[in-house]
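Geometric and topological summary
So you can see what is in the structure, the chains are spelled out below.
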Amino acid sequence: MVLRNSEIKARLYALENFVGLTEGRGGMTLTARLDAQHDLLLALNQNHADTNRRLIGLEERTTSVEGRLTGVEGRLTGVEERLTGVEDVLGKVLWGMTEIKNLLREPGPPSGD
């Protein structure tokens, strides 16, 4: 049996009047307290829905940033490999220049081994 909200309120009001509990400790009737609780639950539900919506947006943006960073990481790896190649070539050039310098050096007195 499904009861509508207005039927429930009418029954609660009738029960409150029957037992003489029109107002509780806080000066509110049982139905007023239930209405207040209902309003709090609706506000909580709205807050939860809004928070959930924001978290989904944050997750989507984070995923997008992660994808872009993966691309940047790949490009940086390529740059690192090219710099390693340049470093190798510069090492060979330095070695070659040292060899040429040694060939052009005037011979000194023989070392006394």
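Up top is the structure.
My aim in this report is to walk through the structure given alongside it, one point at a time. (Residues numbered from 1 in each chain as written. Predicted model: local features only at pLDDT ≥ 70, side-chain atom pairs only at ≥ 80, totals over all residues. Heavy atoms only, no water.)

All right, on to the overall build of the protein then. A tally of regular secondary structure across the protein gives 2 helices and 0 strands. Of all 113 residues assigned to the protein, the portion counted as buried reaches 3%. Surface summary for the protein: the accessible area is close to 10500 Å², and the carbon and sulfur share equals 61%. (Helix = DSSP H or I, 4+ residues; strand = E, 2+ residues; numbered from the N terminus. Buried < 20%, exposed > 50% of the residue type's maximum accessible area, 1.4 Å probe, protein only. Areas by Shrake-Rupley, 256 points an atom, 1.4 Å probe, with all protein chains shown as cover.)

Once that is clear, we can look at a nonpolar patch on the surface. Taken together, V65, L69, V72 and L76 make up a surface patch of nonpolar side chains, about 340 Å² in accessible area. The exposure class of L76 is exposed, given its relative accessible area of 54%. (Patch = residues over 30% accessible without salt bridge, like charges linked within 9 Å, V, L, I, M, F, W, Y side chains within 5 Å. Salt bridge = Lys/Arg side-chain N within 4 Å of Asp/Glu carboxyl O.)

What follows is about the pattern of salt bridges. Across all of its chains, the model carries 2 salt bridges by this definition. D50 is the partner of R53 in a salt bridge, and the nearest nitrogen-oxygen pair spans 3.6 Å. Here the residue R53 and the residue D50 both occupy positions in helix α2 (residues 30–104), the gap between them amounting to 3 residues, near one helical turn. Taking relative accessible area as the criterion, D50 reaches 25% and is therefore assigned partly exposed. Look at the salt bridges and you will find they share partners, linking D50, R53 and R54 into a network.

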